[in-house]
Amino acid sequence: MAAAAQSRVVRALPMSRSAVTAIATSVCHGPSHRQLHHALIPHGKGGRSSVSGVVATVFGATGFLGRYVVNHLGRMGSQVVIPYRCDKYDTMHLRPMGDLGQLLFLEWDSRDKESIRRAVQHSNVVINLIGRDWETKYFDFADVYVKIPQTIAQVSKEAGVGKFIHVSHLNADVKSSSKYLRNKAVGEAVVREAFPEAIIIKPSDIFGREDRFLNHFSNMRRFGPMPLVSLGWKTVKQPVYVSDVSKGIINAVKDPDASGKTFAFVGPNRYLLFDLVKYIYAVTHRLFLPYPIPRFAYRWIARIFEISPFEPWTTRDKVERIHITDMKFPNLPGLEDLGIQPTPLELKAIEVLRIHRTYRWLTAEIEDAKPAKTVSF
């Protein structure tokens, strides 16, 4: 019966794209205890209404990066399982991203292994995008970035999943001053231990329409002048475009040689934080009034915002992350190795920042803003 199923796949392959062919081949050679599902047999000419051969479970699909990943998966004809914990109406924006019946929504409990097993049992790809910028009394950073990813990786391995992709952070380091980044580093280690063939993605700060990077700095105008530790002269950032990260994840799914590798996703340019924030204000046509602030004073202010029962505008940990220089990993493969040309910040910043302009400057050309200076260190 297995031979017959494999024959069916082989007959279907000429109709699919070459990248999907590799995925279908790896599925055929997967664990013998998994039953071949019809959704794993690619057919069609490619695109939304075809079947790519990818059945992907995307944890964290309702977040910022998740919507882009689901969109790219849906456009290539993949079946996507979307576990969610939020209200069902908060998933509505995802529903048009795939063809009829290709997006499957499933309520799940991050602390229930059986719930996770139901979400991954029919998938050949699992993508973990779960993340949060602040801690709550129910989920701290250790829960979000260590325990939950470890459980998902263990269950995925037991279920015979072919590819597991875990998104971490470029600056993840067990010695970091940021608790967020320390737990990200531990999360990478436990995922690699539970699923040795896992693909780990380490993106820098991601910018896009719904981001908490460019929008964060732009929204700080509401509090008057811009506070920066050491005026931002000691911090270097290399932000990456959200669509590039999403495409890189999809290409990692397609690449049969990506298993077990760690990728560093960064933008093409590095900027001093001062110059970057100055450029953000130039694009929005807002007055840029920076002032230096001691780190302890900035953390004290952030502590006040943490008292809010709603989403905090900033936290002490975010103050630390903002002022940490992006690491360089010249020995790790990046977007270029997956066939993606990184998009410069200057080309896409207007898409994010136009909403922060006043009516007078709403339609002003982006060329009016002088590009930020780049650095090489």
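For the structure itself, look to the data block above.
Peer 1: What is the right way to look at unusual backbone geometry in this model?
Peer 2: Residues other than glycine predominantly adopt negative phi, and peptide bonds predominantly adopt the trans conformation. For Ser230, which is not glycine, the phi torsion reads 55° and is therefore positive. Mapped onto the elements of the fold, Ser230 is located in the loop between strand E8 (226-228) and strand E9 (236-237). With relative accessibility at 32%, the residue Ser230 sits in the partly exposed group. Despite not being glycine, Leu231 shows a phi value in the positive range, around 60°. Relative to the helices and strands, Leu231 resides in the loop between E8 and E9.

Peer 1: Looking at this structure, I do not really get the sheet that holds strand E1 (residues 55-59). What am I missing?
Peer 2: Backbone-to-backbone hydrogen bonds join strands into a sheet, with any given pair of strands oriented parallel or antiparallel. Here seven strands make up an open sheet; going across it, the order is E3-E2-E1-E4-E5-E6-E11 and the pairing parallel. This sheet does not close on itself; its edge strands, each paired only once, are strand E3 (103-107) and strand E11 (262-265). With direction set aside, neighbouring strand axes in the sheet form an average angle of 20°. With four bridges connecting them, E1 and strand E4 (residues 125-128) associate as parallel partners. Each bridged residue has a counterpart across the sheet, and for Ala56 the counterpart in E4 is Val125.

Peer 1: Just checking my understanding: could you explain the side chain of His323 for this structure?
Peer 2: Looking at the element boundaries, His323 is found in the loop between helix H11 (316-322) and helix H12 (345-353). From its side chain, His323 meets the backbone oxygen of Val319 in a polar contact 2.9 Å long. Those residues in contact with His323 that lie beyond four places of it in its chain are Leu228, Val229, Thr235, Leu273, Arg295 and Tyr298.

Peer 1: Any chance you could explain the pattern of salt bridges here in plain terms?
Peer 2: Close approach of charged atoms allows side chains with opposite charge to pair. Tallied over the entire structure, the rule returns 18 salt bridges. Linking Lys237 and Asp205 is a salt bridge whose minimum nitrogen-to-oxygen distance equals 3.3 Å. With a gap of 32 residues between them, Lys237 in strand E9 and Asp205 in the loop between strand E6 (199-203) and strand E7 (206-207) connect regions that are remote in the sequence. Across this residue pair, the class does not change: Lys237 and Asp205 are buried. The residue Glu306 makes a salt bridge to Arg303 at a minimum N-O spacing of 3.9 Å. Here Glu306 pairs with Arg303, and both are found in helix H10 (residues 295-306), just three residues apart, close to one helical turn.

Peer 1: Would you take a moment to explain the packing of helix H4 (residues 113-120) against helix H5 (residues 141-158) for this structure?
Peer 2: The packing of two helices is summarised by the inter-axis angle and the distance between the axes. One way to put it is that H4 packs onto H5 with a least axis distance of 9 Å and a crossing angle of 55°. Judged by the angle between their axes, H4 and H5 are oblique. Crossing hand, H4 versus H5: right-handed. Across from Lys113, Ile116, Arg117 and Val120 in H4, the residues of H5 making contact are Thr151, Ile152, Gln154, Val155, Ser156 and Glu158. Within the contact of H4 with H5, the residues separate by chemical class into four nonpolar, three polar and three charged.

Peer 1: Just checking my understanding: could you explain the environment of Glu336 for this structure?
Peer 2: Looking at the secondary structure, you find Glu336 in the loop between H11 and H12. Along the primary structure Glu336 and Phe265 are separated by 71 residues, whereas in three dimensions their C-alpha atoms are 9.1 Å apart.

Peer 1: Explanation requested: the pairing of E1 in the structure shown.
Peer 2: The side chains of a regular strand alternate between the sheet's two faces. Burial within E1 is extensive, with five of its five residues counted as buried. Burial along E1 is two-sided: Val55, Thr57 and Phe59 facing one way and Ala56 and Val58 facing the other are all buried. Each parallel crossover has a hand, and for E1 linked through helix H3 (residues 64-75) to strand E2 (residues 79-84) it is right-handed.

Peer 1: Please clarify how helix H8 (residues 242-254) should be interpreted in this entry.
Peer 2: Every α-helical turn comprises 3.6 residues, leaving residues that sit three or four positions apart pointing alike. Given a rise of 1.5 Å per residue, 13 residues ought to cover 18 Å, and the 19 Å separating the end C-alpha atoms of H8 matches this to within 8%. By the criterion of burial, H8 is predominantly enclosed, with eleven of the 13 residues buried. By the burial criterion, the buried members of H8 are Val242, Ser243, Asp244, Val245, Ser246, Gly248, Ile249, Ile250, Asn251, Ala252 and Val253.

Peer 1: Would you mind going over the sheet that holds E9 with me for this structure?
Peer 2: Pairing within the open sheet is antiparallel, and its three strands lie in the order E9-E12-E14. A strand with exactly one partner marks an edge of an open sheet, and here the two such strands are E9 and strand E14 (374-375). Summarising the sheet, strand E12 (residues 270-272) and E14 pair through two bridges and their orientation is antiparallel. Looking across to E14, one finds that Tyr271 is bridged to Thr374. Against the sheet, helix H9 (residues 273-283) touches E9 and E12, its axis set at about 90° to E12.

Peer 1: Mind showing me how you'd approach the packing of aromatic side chains here?
Peer 2: How two aromatic rings sit relative to each other is given by the distance of their centres and the angle of their planes. Within the structure shown, the criterion is met by 16 aromatic pairs. Aromatic side chains Tyr145 and Tyr180 sit 5.0 Å apart centroid to centroid with 70° between the ring planes, which places their arrangement in the edge-to-face category. With Tyr145 in helix H5 and Tyr180 in helix H6 (residues 179-194), this pair connects stretches of sequence that are 35 residues apart. By the burial criterion, Tyr145 is buried, and Tyr180 matches it. When the ring centre of Phe139 is taken as reference, the NZ or CZ atom of Arg111 above it lies at 4.2 Å. Across the ring face of Tyr180, the terminal group of Arg321 is positioned such that the distance to the ring centre comes to 4.0 Å.

About the cut-offs
Residues numbered from 1 in each chain as written. Predicted model: local features only at pLDDT ≥ 70, side-chain atom pairs only at ≥ 80, totals over all residues. Heavy atoms only, no water. Helix = DSSP H or I, 4+ residues; strand = E, 2+ residues; numbered from the N terminus. Buried < 20%, exposed > 50% of the residue type's maximum accessible area, 1.4 Å probe, protein only. Pairing = 2+ DSSP bridges. Axes fitted to C-alpha atoms, helices over the stretch in contact; angles between N-to-C directions. Polar contact = N/O pair within 3.5 Å; in protein donor to acceptor, adjacent residues only side chain to side chain. Contact = heavy atoms within 4.5 Å. Salt bridge = Lys/Arg side-chain N within 4 Å of Asp/Glu carboxyl O. Parallel < 35°, antiparallel > 145°, perpendicular 65-115°, else oblique. Left-handed = near helix turned anticlockwise from the far one by under 90°. Nonpolar A, V, L, I, M, F, W, Y, C, P; charged D, E, K, R; others polar. Right-handed = clockwise from strand over helix to strand, strands pointing away. Expected span 1.5 Å × (residues − 1). Phe/Tyr/Trp six-rings, centres within 6.5 Å; stacked < 30°, edge-to-face > 60°. Lys NZ or Arg CZ within 6 Å of the ring centre and 35° of its normal.

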